[in-house]
Amino acid sequence: MFIGRKAELEELQKRYEQEAFQLFILYGRRRVGKTTLLNEFCRDKETIFYSAEQSNDKLNLEKFSRQVFAYYGETALEPFAGWEKALTYIDSRQKGKRLILVFDEFPYLAQKNKALLSVLQHLIDHTLQYGRLFIVLCGSYMGFMEKEVLGSKSPVFGRRTGQLHMRSFDYKTAIQFFDGFSDEEKLMLYGAFGGTALYLKLVQRERSFAENIRELFLNVTAYLYEEPLLLLRQEVQEPGIYSAVIEAIASGCSRSNEIAMKTGEEQAKCLKYINTLCELDILYKETPFGEKDSSRKTLYGISDFMFRFWYRYVSSNRTLLETDAQEIVWNRRIEPDYSHIEKRSFSYAPFSVENPNIHGVDMAQKIEKSCVFPGCVQLGKFFKYFNKYFVHNRLVL
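Please read all numbers here as calculations on a predicted model, not as lab measurements.

S.K.: For this particular structure, what's the right way to read the pairing of strand S2 (residues 47–51)?
M.R.: Each regular strand carries side chains that alternate between the two faces of the sheet. Among the five residues of S2, four are classified as buried, and the element is accordingly described as predominantly covered. Across five bridges, the pairing between S2 and strand S3 (residues 99–104) is parallel. In the strand pairing of S3, Tyr50 is matched with Phe103.

As structure tokens, this is what we get:
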């Protein structure tokens, strides 16, 4: 069952119907549903969908060649000599007919072949722009996609026809995965699993909130038992230090000097790690109005609910969990504490205000966080109440 992403699908479909050449960049954190979105978009359309592997350029090109030849019904042909030959072959075979060409996990290709983006630029400038190929470059490695593909120094800068930074589901969409649960349980589940599509799919409707937590977080063989650590290993080069920074924030440290003291790292070094985690949408920062972003008054927190739950309740209790003491962790560490943390979980969600001029304050620019509870907007330590508010640019009544 495909849930949400209606606006994203409509945008892709609109571009598909334009008939002209398209180079669309889709990126976002792992597990948010990028591949699922593309599969839904490509359904019933002529498509070559290649998922790159973490191998070398030669093996990826050979596998891509086999997939292309299979699509065109060709047999006993030698692999393409290079990516330019492969793309030129596809363009010539299409003869102006529409075809979606998806490169999933594109960073795996571009990192092994530094010239690939330049090859793509050359082909777009001289050949592809006159055809009807719909090329999608999809990637989870946020830093690479933003700097090497979308950045101003990228060879394909100015050639893309669209891009989408795909983010986690907001609360309103996420609860569509929680049919059968009470309203209170939906809030509790969202506070633990967040809005990441894959994690939401793991929730079992026939089990209670407590049973889902035990089964998916506290069991040493569970999918989420080591998930944050695995994600960090895929995204950053020093996952141990990044993990220490997140753990410090989960323990209550909210300022850069407190985080540095807790981790034993220099403050300037800590800020680099913090900024990277903010770019990955794992952390958020709050700077008081009128202060610079580098202000020592800036506060940091964990924006990803699953990461926050894991570092507060799983990471700090792994010794107990690995000695089969899941019930102790639940009864003594999670159940008495979670309701307090849950309330804080819903004080932070990006939004925009339809009428920004409230009491002479430009709210759209100066308020950055809001509750997911109707009518409640957090401004520093004070609350203003409204009848309507926006969460992720969607009106909630």
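We are not done yet, so read on.
S.K.: For this particular structure, what's the right way to read the pattern of salt bridges?
M.R.: Pairing between side chains becomes possible if they bear opposite charge and their charged atoms approach one another. Going through the model one piece at a time under the given rule, you end up with 20 salt bridges. Arg15 is the partner of Glu11 in a salt bridge, and the nearest nitrogen-oxygen pair spans 2.9 Å. Residue Glu11 and its partner Arg15 are located together in helix H1 (residues 6–16), separated by four residues, close to a single helical turn. On the basis of relative accessibility, which here comes to 27%, the residue Glu11 falls in the partly exposed class. Residue classification places Arg15 among the buried positions, given a relative accessible area of 17%. Among the ionic pairs, Arg93 bridges to Glu74, the shortest N-O distance being 2.8 Å. One end of the pair, Arg93, is in helix H4 (residues 83–94); the other, Glu74, is in the loop between helix H3 (57–72) and H4, and 19 residues separate them in sequence. The structure contains a network of salt bridges with shared partners spanning Glu11, Lys14 and Arg15.

S.K.: How should I be thinking about the side chain of Arg5 in this particular structure?
M.R.: Relative to the helices and strands, Arg5 resides in the segment before H1. At 3.1 Å, the side chain of Arg5 and the backbone oxygen of Val32 are in polar contact. Within the structure, Arg5 has its side chain in polar contact with the backbone oxygen of Arg167 (distance 2.7 Å). Contact partners of Arg5, with chain neighbours within four places excluded, come to Val32, Leu37, Met166, Arg167, Ser168 and Phe169.

S.K.: What is the right way to read helix H13 (residues 239–250) from this model?
M.R.: Helix length check: H13, at 12 residues, gives a terminal C-alpha distance of 16 Å against a target of 16 Å (1.5 Å per residue), a fit within 8%. Those residues of H13 not exposed but buried are Ile241, Tyr242, Ser243, Val245, Ile246, Ala248, Ile249 and Ala250. At its buried positions, H13 is contacted by helix H12 (227–235), helix H14 (256–263), helix H15 (267–279), strand S6 (283–286), strand S7 (299–302) and helix H16 (305–314). With its phi angle positive at about 125°, Gly252 sits one or two positions after the end of H13.

About the thresholds
- Residues numbered from 1 in each chain as written.
- Predicted model: local features only at pLDDT ≥ 70, side-chain atom pairs only at ≥ 80, totals over all residues.
- Heavy atoms only, no water.
- Buried < 20%, exposed > 50% of the residue type's maximum accessible area, 1.4 Å probe, protein only.
- Helix = DSSP H or I, 4+ residues; strand = E, 2+ residues; numbered from the N terminus.
- Pairing = 2+ DSSP bridges.
- Salt bridge = Lys/Arg side-chain N within 4 Å of Asp/Glu carboxyl O.
- Polar contact = N/O pair within 3.5 Å; in protein donor to acceptor, adjacent residues only side chain to side chain.
- Contact = heavy atoms within 4.5 Å.
- Expected span 1.5 Å × (residues − 1).

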